Amino acid sequence: MANESAGSMGLTSALLVAMALPAAAQDFDWRAHEGETVTFLANSNPLGQLLIAHKDEFEALTGINLVVDSYQEQQMRQRLMTVMNARSDEVDVFMTLPSREGMQFATAGWYKDLNPYLEGAVAPDYDAGGLAEALVDAATFDGQFIGVPLNIEGPLLYYRTDVFEECGLQPPSALQELPEISAALKECSDLTPFASRGLAAAVPYTFAGFMHNMGGSYMVDGQSAMCSEPVKAAITLYSDLLKEHGPPGVVNYSFQQLTALYRAGRSAMSFESSNEFSGIMEGGERMEDTAIMPLPPGPGGSHPTVIGWALSISAHSRNPDAAWYFLQWASSPQMQAKFALEGIAPPREAVAESAEYNAWLGESPVRQQWHDALAELARTGTSEIGFPIVGNPESRQYIGDAVGSVLLGTATVDQACATADAALNELIARD
Amino acid sequence: MNVNREHRGQMAAMSMPALVFTVAMIAFPIIYTIWMSFQTYSSTGQVIGWGGDNYSRMVADDRFWNGIWVTIYLYVLSLVMQLVLGTGLALLLFRARRLPGIMRSLFISPFMMPPVVAGMMWLVILDPSLGAANWILTSLGLPPSSWLASPAIVVPVLAMIDTWQWTPYVALIVLGGLQSLPPSVYEAAEIDGAPRHKVFWRITLPLLLPTLVTAMVLRSVDLLRFFDLIYITTQGGPSDRSMTLNIYGFRIGFEFFQLGYASALMITLSIMVLGAVIALNRLRAAVEW
């Protein structure tokens, strides 16, 4: 994307300046904003919950009063959009997905550019240069660095080793093997062979990997390419898999249902977020009989989806300096090391290589597989879940609708892609 | 006369702040929404045009007409079920005068529950893989259902949940109406030896009509702006089959940030609600006794 090259240059220079300013770091005082208040709008996903759980440590360290406003992802965004549209200062810091709303919010001017903060009050041990470059680039728009990365995540294939063994099956080595393996699982086991997201708005997160691995691309020459052969093949493969081998009611499935189904031992393969690792392993039942891998490659190679949540300061914040302290604390090597031990994949290589984290990974093969799969995502992945346009969030709905209508049998793949193309080209033209 | 005039003037002056505040609170959001409905916004919330584009887009939008259809379908289905069952429940409660208080409380408990909680509860019960509903069906040897994930039955299932929640409310209103009916007409019917079903159809129901229309008005306003239950359970899916106009407008406005188009949709919905209320109020005036 155009924003990435320009952005990375701007950010790289900012990081260099930040690292070349030891004097500012030496003057740094965690209690410089003691007694001030910062309001944090959080997503109540596992990452947001961890930030909230460690809130007291931040308050004890800085003396800053952290007011938390926590919602589920969709409600959090709706509240944020209301607050931002009203140019309200109610929110100082918020969680954001640069891959989804980054371009839209940056164009609207809702993010505070963090480059000047990286050049100012930075803790000596913050190590801004240690943040994953790919995630930093993904959070950079027109040279503005809009959010510090908090994690790295993507959809992974969780599968039951005991069931595969019982059925004499090997894990898929290619995307096209999934229907055959699912059919074999259906024959020899009572479990749902394959589960993934079916809820229209949530589908692109898991579908994008299928689309890229089949050799597709959402846009070609500035136009929607939903009716290109690779994308149509991906729509057919994904929806047929769920229609023939997915759980009943999969059309309403998002991560909550997938986690509940897999944790309860009712699905043999589940393609879902790496962030759900701790939720799936809750209770320990799946710890011994699960293996994890990235989505297998397809005719177009291997281009798994990889994204990361970030923490941003509102452009309307009246207390951005204190808010920056919260961002630093949450993305510091120390805190990210703590989060890593709770199943949040760290966006810092140094944390991923730490002895403590590696000891935690070594306690169970499935943890190591989870980490290795994420490392591959970081190496080869793409964050293109929706269309690379300002209206990215809206584009996801049309992608999900196309998959959903084929899944429900209300349209053929040609009808579904044509409907999507029409809506998406209109959206591209509008923005 | 002069004193009266002076007194009236004082009253008007004293009530003016409250009056201005109330009118402003009601009028401002409506006027503001109408104004927004004539503006076109970009995906970043910037105004990029002005005029009637949102309304012409609405007429050509299949999802708008789908929203109108789903709203009306859900409204009629829920209202009929709630009126029939609510009247039945009220008659039961009216006759069972010695029903313990705890039983009466249990009957009316669903509508005390916040719709979001009710939605979450039914979402768990109706989960096709892990829910209790399919467990019961399969235990009885019946095929499982996709419930809220089935395009064919999603609206009836939503109407069923809403009926479960709001029938007791209708029953309470009808029970109030039953308790206010004049006993003399029933005594006369008893003397004439009228059978029970005739007493119901010829006396009770006609006399209850004003109460039933009141219940219809109250439920109509809620049902036409049906939101929370759908938002929690299906978000308008599967395949837009439960996408009421209200849910559609909300998603357009707060997820896709097309505030102008969302405003046009909400103005249309408001006109629908207003029209229904005016029609039902006229009906109430016609059946008043």
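Given the structure is predicted, the values throughout are model-derived calculations rather than measurements.

Time to look at the overall build of chain B. Counting its secondary structure elements, chain B contains 12 helices and two strands. Listed N to C, the secondary structure of chain B is α-β-β-α-α-α-α-α-α-α-α-α-α-α in terms of helices and strands. Computed over the C-alpha atoms, the radius of gyration of chain B is 24 Å, more than 25% above the 19 Å expected from 2.2 N^0.38 for a compact globule of 289 residues. The principal-axis extent of the C-alpha atoms belonging to chain B is close to 80 × 75 × 35 Å. Classification of the 289 residues of chain B by burial places 44% in the buried group. Residue pairs in contact within chain B that sit at least 24 positions apart in sequence constitute 67% of those at least 6 positions apart. Of the roughly 15400 Å² of accessible surface on chain B, 71% is carried by carbon and sulfur atoms. Side chains of chain B carry 17 positive and 14 negative charges; the gap between the two charge centres is 8 Å.

This paragraph deals with a nonpolar patch on the surface. Residues and elements named next belong to chain B. On the surface, Phe-21, Met-25, Ile-26, Phe-28, Ile-30, Tyr-32, Ile-34, Trp-35, Phe-38 and Trp-50 cluster together into a nonpolar patch covering about 1100 Å² of accessible area. The dominant element in the nonpolar patch, judged by the number of residues it contributes, is helix α1 (residues 2-37), at eight residues. Structurally, the position occupied by Ile-26 is in helix α1. Relative accessible area serves as the criterion here: at 53%, Ile-26 is assigned to the exposed category.

Glancing now at the interface of chain B and chain A. The interface of chain B with chain A comprises 28 residues on the first partner and 35 residues on the second. Buried surface at the junction of chain B and chain A, summed over both partners, amounts to about 2700 Å²; 51% is from carbon and sulfur atoms. Between the two partners, chain B and chain A, sit one salt bridge. The interface formed by chain B and chain A holds 11 residue pairs in polar contact (both at pLDDT 80 or more) in total. Secondary-structure elements contributing two or more residues to the side of chain B that touches chain A are α10 (228-233) and α11 (245-254) of chain B. In terms of residue count, α11 of chain B provides more of the side of chain B that touches chain A than any other element does, three residues in total. For the side of chain B that touches chain A, the residue count by class is 12 nonpolar, 10 polar and six charged.

A residue-level look at chain A finds 94% of positions with pLDDT of 70 or above and a mean pLDDT of 91. Contacts from residues 1-23 of chain A, a stretch scored under 50 in pLDDT, to residues over four places away or in other chains number 26 contacts.

Following the criterion strictly, the structure yields 39 aromatic pairs over all chains and no others. On the numbers, 6.1 Å between centres and 80 degrees between planes, the contact of Trp-360 of chain A with Trp-370 of chain A is edge-to-face. With Trp-360 of chain A in helix α18 (residues 355-362) and Trp-370 of chain A in helix α19 (residues 365-380), the pair connects residues that are 10 residues apart, well separated along the chain. Grouping residues by exposure puts Trp-360 of chain A and Trp-370 of chain A together as buried. A ring pair is formed by Trp-69 of chain B and Tyr-73 of chain B, whose centres lie 5.1 Å apart and whose planes are at 15 degrees; its orientation type is stacked. One end of the pair, Trp-69 of chain B, and the other, Tyr-73 of chain B, are both in helix α3 (residues 62-95), four residues apart, so they sit about a helical turn from each other. Judged by its relative accessible area of 52%, Trp-69 of chain B is exposed. Taken together, the ring pairs in this structure connect Phe-94, Phe-105, Trp-110 and Tyr-111 of chain A together with Phe-257 of chain B into an aromatic cluster. Directly above the aromatic system of Tyr-126 of chain A lies the positively charged group of Arg-348 of chain A, at a separation of 5.1 Å from the ring centroid. The aromatic ring of Tyr-261 of chain B is capped on one face by Arg-57 of chain B, whose charged end is 3.9 Å from the ring centroid.

This part takes up the sheet that holds strand β7 (residues 155-160) of chain A. All names here are of chain A. The mixed open sheet is built from four strands, whose spatial order is β8-β11-β7-β12. Whereas interior strands pair on both sides, the edge strands pair on one side only; in this sheet they are β8 (192-195) and β12 (290-293). This sheet shows a mean twist of 20 degrees between the axes of neighbouring strands, independent of strand direction. Pairing of β7 with strand β11 (residues 267-273), which is carried by five bridges, proceeds in the antiparallel orientation. Pairing of Tyr-158 across the sheet is with Ser-270, part of β11. Relative to β11, helix α13 (residues 255-263) is tilted by about 145 degrees, and along the sheet it contacts β7, β8, β11 and β12.

Our next topic: the state of the cysteines. Residues and elements named next belong to chain A. Per the stated rule, a full pass over the model turns up two disulfides over all chains. Each disulfide pairs two cysteine sulfurs, and for Cys-167 the partner residue is Cys-188, the sulfurs being separated by 1.7 Å. Since a negative S-S torsion denotes a left-handed disulfide, the Cys-167-Cys-188 link at about 50 degrees is right-handed. Of the two residues, Cys-167 sits in the loop between α9 (161-166) and α10 (178-188) while Cys-188 sits in helix α10, which places them 21 residues apart along the sequence. Residue classification places Cys-167 among the buried residues on the basis of a relative accessible area of 17%. Each sulfur of the disulfide joining Cys-227 and Cys-417 lies 2.0 Å from the other. Its torsion about the S-S bond being 100 degrees, the disulfide of Cys-227 and Cys-417 is classed as right-handed. With Cys-227 in the loop between β10 (223-224) and α12 (229-245) and Cys-417 in helix α21 (residues 413-430), this residue pair connects regions lying 190 residues apart in the sequence. Under the relative-accessibility criterion, Cys-417 is labelled buried at 0%.

Turning next to the nonpolar core. One finds Leu-126 and Leu-265 of chain B to be the most contacted residues of the largest nonpolar core, which totals 64 residues. Contributions of two or more residues to this core are made by α3, α6 (132-139), α7 (154-179), α9 (196-224), α10, α11 and α12 (259-287) of chain B. When residues no more than four places from it in sequence are discounted, the contact partners of Leu-265 of chain B are Met-58, Phe-64, Leu-245, Tyr-248, Gly-249 and Ile-252 of chain B. With 61 residues, the next largest nonpolar core counts Val-38, Trp-110, Phe-326 and Trp-329 of chain A among its residues.

Residue and element names in this part refer to chain A. Strand order in this open sheet of five strands is β2-β1-β3-β13-β6, and the pairing throughout is mixed. A single partner strand is all that each edge strand has here, and the edge strands are β2 (65-71) and β6 (148-149). With two bridges connecting them, strand β1 (residues 37-43) and strand β3 (residues 93-96) associate as parallel partners. In the sheet register, Leu-41 faces β3, and the bridge partner there is Phe-94.

Another point: the confidence of the model for chain B. Residues of chain B with pLDDT of at least 70 account for 99%, and the chain-wide mean is 90. Per-element mean pLDDT across chain B ranges from 75 in helix α4 (residues 101-108) of chain B up to 95 in helix α2 (residues 53-60) of chain B.

All names here are of chain A. Within the fold, Val-163 resides in helix α9. Look at Val-163 and you get buried, because its relative accessible area is 7%. Considered as a pair, Val-163 and Leu-191 are 28 residues apart in the sequence and their alpha carbons are 8.9 Å apart. Ignoring sequence-local partners within four residues, the contact set of Val-163 consists of Leu-185, Ser-189, Leu-191 and Ala-268.

Criteria and thresholds
- Residues numbered from 1 in each chain as written.
- Chains lettered and ligands numbered in written order.
- Predicted model: local features only at pLDDT ≥ 70, side-chain atom pairs only at ≥ 80, totals over all residues.
- Heavy atoms only, no water.
- Helix = DSSP H or I, 4+ residues; strand = E, 2+ residues; numbered from the N terminus.
- Rg over C-alpha atoms; globule rule 2.2 N^0.38 Å.
- Buried < 20%, exposed > 50% of the residue type's maximum accessible area, 1.4 Å probe, protein only.
- Contact = heavy atoms within 4.5 Å.
- Areas by Shrake-Rupley, 256 points an atom, 1.4 Å probe, with all protein chains shown as cover.
- Lys, Arg positive; Asp, Glu negative; His and termini not counted.
- Charge placed at Lys NZ, Arg CZ, Asp CG, Glu CD.
- Patch = residues over 30% accessible without salt bridge, like charges linked within 9 Å, V, L, I, M, F, W, Y side chains within 5 Å.
- Salt bridge = Lys/Arg side-chain N within 4 Å of Asp/Glu carboxyl O.
- Buried area = accessible area lost by both parts, 1.4 Å probe.
- Polar contact = N/O pair within 3.5 Å; in protein donor to acceptor, adjacent residues only side chain to side chain.
- Nonpolar A, V, L, I, M, F, W, Y, C, P; charged D, E, K, R; others polar.
- pLDDT = per-residue confidence, 0-100.
- Phe/Tyr/Trp six-rings, centres within 6.5 Å; stacked < 30°, edge-to-face > 60°.
- Lys NZ or Arg CZ within 6 Å of the ring centre and 35° of its normal.
- Pairing = 2+ DSSP bridges.
- Axes fitted to C-alpha atoms, helices over the stretch in contact; angles between N-to-C directions.
- Disulfide = S-S within 2.5 Å.
- Core = buried A, V, L, I, M, F, W, Y, C linked by side-chain atoms within 4.5 Å.

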